[in-house]
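The chain contents come next:
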Amino acid sequence: MPIVQISDPQQAAPTSCGVIVFRVTLETGSVDGTFALALYNGELAREIGTKISGPPRDFEGEYSVVTLRPDGSTFARGRMIAQRLGTQGVYLVRWDLEPVAQALQDLGYVPGTRLIYEAIGMALRGGAEIAVAWDNNIFARRWPGSAPQ
């Protein structure tokens, strides 16, 4: 069966899903994540963050984050919020990212657009790592001067 390429300007996001594994340094409140997106054709990228609020020695809280492309260039800056769900190391994770000008141009979005994602994650290795998966078809774009779409 031949592969059919679809070009749909209404498609919600440039890829369908992603996964990130954060290495958590609880003593300093930092996270260093490695992630994969279909958009990057098998290349891995990074997201680094510093905790700015939340309980000590726990992944739960708010982080200032920088998302990097596989080549190390900055894709976006913003914040990530991790909220504990239950008692077995599960987290609801939300991002509110402001892509840099080049990323907005590459995606075809207008300047000032923000990307808002929600995902689910779980603790690994006693909380030393957190694996988070998301679906880019379930996200919101906030255009300049508007409510989430």
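Note that the structure is predicted; figures quoted are calculated from it, not measured.

Chemist: What is the right way to read the environment of Val-90 from this model?
Modeler: Tracing the sequence through the fold places Val-90 in strand 6 (residues 90–99). Aside from chain neighbours lying at most four places away, what touches Val-90 is Gln-83, Arg-84, Leu-85, Ile-120, Gly-121 and Met-122.

Chemist: When you look at the side chain of Arg-69 in this model, what are you seeing that I'm missing?
Modeler: Along the chain, Arg-69 falls in the loop between strand 4 (61–68) and strand 5 (74–85). Classification of Arg-69 by relative accessible area gives buried; the value is 18%. If we ignore the near neighbours within four places in the chain, the residues touching Arg-69 are Tyr-40, Ala-45, Thr-74, Phe-75, Gln-102, Ala-103 and Asp-106.

Chemist: Looking at this structure, I do not really get the pattern of salt bridges. What am I missing?
Modeler: It is possible for side chains of opposite charge to pair when their charged atoms get near one another. If you walk through the whole model with that rule in mind, you get nine salt bridges. Ionic pairing is found between Arg-46 and Asp-32, a salt bridge with its closest N-O pair at 2.8 Å. Of the two residues, Arg-46 is situated in strand 3 (residues 44–53) and Asp-32 in strand 2 (residues 30–37); the sequence distance between them amounts to 14 residues. Glu-62 serves as the salt-bridge partner of Arg-79, at 3.0 Å between the closest nitrogen and oxygen. One end of the pair, Arg-79, is in strand 5; the other, Glu-62, is in strand 4, and 17 residues separate them in sequence. Members of the salt-bridge network, linked through shared partners, are Arg-23, Asp-32 and Arg-46.

Chemist: What is the right way to look at the side chain of Thr-67 in this model?
Modeler: Following the sequence through the fold, Thr-67 ends up in strand 4. Judged by relative accessible area, Thr-67 falls into the buried class, the value being 5%. Aside from chain neighbours lying at most four places away, what touches Thr-67 is Phe-35, Arg-46, Glu-47, Ser-73, Thr-74, Phe-75, Ala-76 and Leu-97.

Chemist: What exactly am I supposed to notice about the nonpolar core here?
Modeler: Grouped burial of nonpolar side chains is what soluble globular proteins tend to show. Phe-22, Phe-59, Met-80, Trp-95, Val-132 and Trp-134 are the most contacted members of the largest nonpolar core, which totals 28 residues. When residues of this core are traced back to their parent elements, those giving at least two are strand 1 (17–25), strand 2, strand 4, strand 5, strand 6, helix 1 (101–107), strand 7 (114–124) and strand 8 (129–135). When neighbours within four sequence positions are excluded, Phe-22 is seen to be in contact with Val-31, Asp-32, Gly-33, Glu-47, Phe-59, Met-80, Trp-95, Ala-128, Glu-129, Ile-130 and Val-132.

Chemist: Where do I start with unusual backbone geometry in this structure?
Modeler: The phi torsion of most residues other than glycine is negative, and most of the peptide bonds are trans. One non-glycine residue, Asn-41, lies in the positive phi region at around 50 degrees. Even without a glycine there, the phi angle at Arg-125 is positive, about 50 degrees. Judged by relative accessible area, which is 63%, Arg-125 ranks as exposed.

Chemist: Got a minute to help me understand the packing of aromatic side chains in this structure?
Modeler: The description of two aromatic rings rests on the distance between their centres and on the angle between their planes. Taken as a whole and assessed by the stated rule, the structure comprises six aromatic pairs. Between Phe-35 and Tyr-40, the ring centres sit 6.3 Å apart and the planes meet at 45 degrees, which makes this aromatic pair tilted. An aromatic cluster is present here, built from Phe-22, Phe-59, Tyr-63 and Tyr-91 joined pairwise through their rings.

Chemist: When you look at the environment of Ile-120 in this model, what are you seeing that I'm missing?
Modeler: By the secondary structure assignment, Ile-120 is in strand 7. Leaving out residues up to four positions away in the same chain, Ile-120 has contacts with Leu-85, Val-90, Tyr-91, Ala-131, Val-132 and Ala-133.

Chemist: Would you explain the pairing of strand 8 in this entry?
Modeler: Side chains on a regular strand alternate between the two faces of the sheet. Of all seven residues making up strand 8, five are buried, and the element is well covered by its neighbours. In this sheet, strand 8 lies alongside strand 1 in antiparallel orientation, the contact comprising seven bridges. Each residue of the ladder has a partner; that of Val-19, found in strand 8, is Ala-133. Note: strand 7 against strand 8, five bridges, orientation antiparallel. By the bridge assignment, Ala-123 is partnered in strand 8 with Ile-130.

How each quantity is defined
- Sequence order as written defines residue numbering, which begins from 1 separately in each chain.
- Two thresholds apply to this predicted model, a pLDDT of at least 70 for residue-level local features and 80 or more for giving and counting side-chain atom pairs, whereas whole-chain, interface and lining totals are computed over all residues.
- As a rule here, side-chain values come from all non-hydrogen atoms in the structure, and water together with hydrogens is ignored.
- Working definition: helices are DSSP H or I runs of at least four residues, strands are E runs of at least two. Numbering for both runs from the N terminus.
- The contact definition used throughout considers only heavy atoms, calling two residues in contact when any of these lie within 4.5 Å.
- Only protein chains enter the accessibility calculation, which uses a 1.4 Å probe. A residue is then buried if its area is under 20% of the maximum for its type, exposed if over 50%, and partly exposed in between.
- Put simply, a salt bridge is a Lys or Arg side-chain nitrogen that is within 4 Å of an Asp or Glu carboxyl oxygen.
- As used here, the term nonpolar core means buried Ala, Val, Leu, Ile, Met, Phe, Trp, Tyr and Cys residues forming a set that is joined through side-chain atoms within 4.5 Å.
- Two rings from Phe, Tyr or Trp (for Trp, the six-membered ring) form a pair when their centres sit within 6.5 Å of each other. Planes less than 30 degrees apart are called stacked, planes more than 60 degrees apart edge-to-face, and all others tilted.
- At least two bridges found by DSSP between two strands are what make those strands a pair.

Geometry only, nothing functional implied.
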